[in-house]
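# Working through the structure, step by step
Listed here are the chains, written in short residue letters.
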Amino acid sequence: MSFVSYCETMTMRVLIVDDRPTNLRIYAQFVSMMGENYSSVTFTDPVEALDWLQNNGAELLVVDYRMPKMNGAEFIKSVRRMSKGGDVPAIVITAHQDRECRLSALDAGATDFLQSPVSHVEFCRRAMSLLNKSQKSDNLRKRASEIERKHASLHDTSDDLDSAPANKSMLEQIIDTIPIMINATDRAGLCLFTNAYQSALFNKTPDEMVGRVYTDLVSPELARNSDRRDQLVLKSQQPIPHYEEKFSSDGVELIFHCNKSPLLNHKGETIGVLTTAVDITARKLAEEHRTHLALHDMLTGLPNRALLAEKVRNTIHLCKKDGHEAALLLLDLDRFKVINDTRGHHSGDTLLREVAERLLDIIGPNDFAARIGGDEFAIIFGKVEGPDDINSRCTKLLKAINEPYSVSGVSQVIGASIGVSLIPSDGNDYEELLRLADLAMYDAKANGRNCHRFFSEGMNQIAQADAALEIELRNALSQNQFELEYQPIVEAKTLNYVGLEALIRWDHPTRGRLLPLQFIRVAEDTGIMDMLGKWVIAEVCRQIRKSADEGIDLPRVAINISPRQFQNQYVCDEVLKNISLNGISPSKIVVEITEELLLNNSDHVSKSLIRLRDAGVGISIDDFGTGYSSLQYLRDLPANCLKIDRTFISRIEHSAADRAIIGTISHLAHALDMRVIAEGVENDAQLELLQASGCDEMQGFKIARPQRPQDLHKLFPAHQQQVASSAKA
């Protein structure tokens, strides 16, 4: 196989490979915009492009990563196997977050990357930069060969050792041929020898360089560095290996890996310095990409958590050294998940990039911004002048973030909650400062969102209390300290019992019986809710079976399923498994979900709910009207019931608006063949108004307080048929 060089002509050819013809046309147009000395060849099929390269050449490859027959990394790897394919620069086009794709492409030999969609300005800038560097390196090699040919006098035969040039030894020929810069200088810095490759860098012949002061040929900075290293070698008589140096030639910057060693005479005396240098420009570019990938967020281009940690530690050091104060901010977008789930991840990504740009626009030159999670950012104010300064700057940040965004052509407004920890007042450890800022950020969310809060010792006490409660919760699970109570649900017109809602209680060994409000938040935050939820499902099914064995036919029982359970558990499998295990009818179970869940992983949620509904399990939407109600969700999801939140019920006596809302919800639910349940009914007036509003069922202290399992027989005597004992699910 041969990879024929195309560098003999003035035109530089760009090979473009992309399976989408539209992209090919756009990239080819970009190449034409680079000037008349640039041309392009395009292929939609990477295999055909490889066949073309067998007998043709290109100075630059532009390759899309995701292609059907082979990806961009596989294509470049195939090119690198060709005899002259190792030096051709290659740009790979990837999507925003294709980190693994980029690493794979780098391993295959990619030189640079462009992010789709590609800007013509960026395309032209990066392409011409690579072409210039590659052309310069190639010209150096060609110039060295020309110099060698001019100074070589070859004999007719090539198998005899005596066929070496008359004026050069074989070793000198080899030294002139290899693509490495080699020069030797005496103790005064005069050039004793250079090979052809070295002299080509300065557009001279080796003879023209011998006898000249080497440092006169390079830039002042490079001259100072070279002279300093030469003196060190001469003084110590020890080599200086493995350092990097930048050489600029005709405006093109190349990077070389260099070594300096003592130059010895036949007596072993140091008479000068021998310098060798290998062009590593392409390799350094790849290394820079790897470093950038390791330390930056792919979507926004901001530094990531690893670089944030390094920056915070440096800031701590500077604060201690200079005696000033800095601040670490954690910024979390409010209700971003709603946008992500309702508008799609592409729209969410667009918004995150816009937020990142606004952060960079608003922070100062000594500040630092990073993206450390899905919709979570960190900011370091490098130097602050007290709380008022931080307050002012946080206000500016929030104002910038609050400006409307155009997401998929629709105006969207979003807020943010900011937590602040002070450096070094609140701590001198990165992890601790991050934890404290996180506590403050959650305090901002708890205080209405779209605001900022400073860390305080009170928050730390709450966090410590939560940590202690987590330990107690885990012990409570293993020691069977949890119990269920069942709140009756009645049919609105007849007040006959038609259902129960299972409510968890914690029989704490020292604090007595605790309600969910006192521990559920910590259970959710720590993941204990997963285990607790599984226990509730199993216990409800067991109780229905136990009651049936005692001759008590319980009505349907509603089980609250948290969004976290739906995300982290196979809730369907858990519910259906326990129904089967206990041999009970699926119609005895109702799964209660919140509106928030409908917005989280809606495809997964919909499939799971449909599977439960098809099995005969009831579906109820809890706390309806307090979240992000969507008529589309009500229409598409297989819910049986809507449960109106108690906040509406509590105001029904005095608010005509709330009465109208309840009536509207009832009318809507009935139109969608759903029943309406009102919870939190406390008195006769509420009961009568709810009956008039069209509610089908009710629960609350006016109806009956939650019952312990052992008291259920008082409501449902054994073998007694209840009126409307099971409402249609």
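Procedures and definitions
- Residues numbered from 1 in each chain as written.
- Predicted model: local features only at pLDDT ≥ 70, side-chain atom pairs only at ≥ 80, totals over all residues.
- Heavy atoms only, no water.
- Helix = DSSP H or I, 4+ residues; strand = E, 2+ residues; numbered from the N terminus.
- Buried < 20%, exposed > 50% of the residue type's maximum accessible area, 1.4 Å probe, protein only.
- Contact = heavy atoms within 4.5 Å.
- Areas by Shrake-Rupley, 256 points an atom, 1.4 Å probe, with all protein chains shown as cover.
- Phe/Tyr/Trp six-rings, centres within 6.5 Å; stacked < 30°, edge-to-face > 60°.
- Lys NZ or Arg CZ within 6 Å of the ring centre and 35° of its normal.
- Salt bridge = Lys/Arg side-chain N within 4 Å of Asp/Glu carboxyl O.
- Polar contact = N/O pair within 3.5 Å; in protein donor to acceptor, adjacent residues only side chain to side chain.
- Pairing = 2+ DSSP bridges.
- Axes fitted to C-alpha atoms, helices over the stretch in contact; angles between N-to-C directions.

## Focus on the overall build of the protein chain
Regarding its fold elements, the protein chain presents 27 helices and 26 strands. When the 729 residues of the protein chain are sorted by exposure, 50% land in the buried category. Here the contacts in the protein chain between residues at least 6 apart in sequence split such that 64% fall between residues at least 24 apart. Approximately 34700 Å² of the protein chain is accessible, and the part contributed by carbon and sulfur atoms is 51%.

## Details of the packing of aromatic side chains
Aromatic ring pairs are reported here in terms of the distance separating the ring centres and the angle at which the planes meet. Summed over all chains, the structure comprises 11 aromatic pairs. Plain terms: the ring middles of Phe 247 and Phe 256 are 5.2 Å apart, the flat faces sit at 85° to each other, and that makes the pair edge-to-face. This pair shows no difference in class: Phe 247 is buried, exactly as Phe 256 is. Between Trp 506 and Phe 519, the ring centres sit 5.6 Å apart and the planes meet at 90°, which makes this aromatic pair edge-to-face. Placement of Trp 506 in strand E19 (residues 497–508) and of Phe 519 in the loop between strand E20 (512–514) and helix H17 (520–526) is noted, with a sequence separation of 13 residues between them. Each member of the pair, Trp 506 as well as Phe 519, is classed as buried. By way of ring pairs, the aromatic residues Phe 482, Trp 506, Phe 519 and Trp 535 are connected into one cluster. Geometry around Phe 381 places Arg 393 over its ring, the cationic atom sitting 4.0 Å from the centre. One Lys or Arg, Arg 705, reaches over the ring of Phe 701 and ends 4.0 Å from the middle of that ring.

## Brief notes about the pattern of salt bridges
Scanning all chains against the criterion turns up 37 salt bridges. Where Arg 126 meets Asp 112, a salt bridge forms, and the shortest distance between an N and an O atom there is 2.9 Å. Note that Arg 126 is positioned in helix H5 (residues 120–151) and Asp 112 in strand E5 (residues 112–115), a separation of 14 residues in sequence. Relative accessible area serves as the criterion here: at 18%, Arg 126 is assigned to the buried category. The class of Asp 112 is buried, set by a relative accessible area of 5%.

## Describing helix H3 (residues 72–81)
Taken together, the buried positions of H3 are occupied by Gly 72, Ala 73, Phe 75, Ile 76, Ser 78 and Val 79. In the core, the buried residues of H3 are packed alongside strand E1 (12–17), helix H2 (46–53), strand E3 (60–64), strand E4 (90–94) and helix H4 (99–108). Two to three positions downstream of the cap, the backbone nitrogen of Ala 73 sits 3.0 Å from a side-chain oxygen, assigning the N-cap of H3 to Asn 71.

## A look at the sheet that holds strand E13 (residues 376–384)
Strand order across the open sheet formed by 5 strands is E12-E13-E11-E16-E17, with mixed pairing between neighbours. Taken across any chain shown, the strands that pair with only one partner, and hence form the sheet edges, are strand E12 (368–371) and strand E17 (452–454). Strand-to-strand twist across the sheet, computed as the mean angle between neighbouring axes with direction ignored, equals 20°. With 4 bridges connecting them, E12 and E13 associate as antiparallel partners.

## Some points on the pairing of strand E22 (residues 589–594)
Every other side chain in a regular strand lies on the same face of the sheet, so the side chains alternate between the two faces. Counting buried positions along E22 gives 5 out of 6 residues, so the element sits mostly inside the fold. Sheet topology note: the strand E21 (residues 556–560)/E22 ladder contains 4 bridges and is parallel. Along E22, the bridge assignment pairs Ala 558 with Val 590. As paired elements, E22 and strand E23 (residues 618–624) share 5 bridges and run parallel to each other. Bridge pairing links Glu 592 to Ser 620 in E23.

## Overview of the sheet that holds E4
An order of E2-E1-E3-E4-E5 is seen for the 5 strands of this open sheet, with the pairing classed as parallel. A strand with exactly one partner marks an edge of an open sheet, and here the two such strands are strand E2 (38–43) and E5. Pairwise comparison of adjacent strand axes, ignoring direction, gives a mean angle of 20° for this sheet. In this structure, E3 lies alongside E4, joined through 4 bridges in parallel fashion. Across the sheet, residue Asp 64 finds its bridge partner in E4, namely Ile 93. Across the sheet, H3 is in contact with E1, E3 and E4; its angle to E3 comes to roughly 150°.

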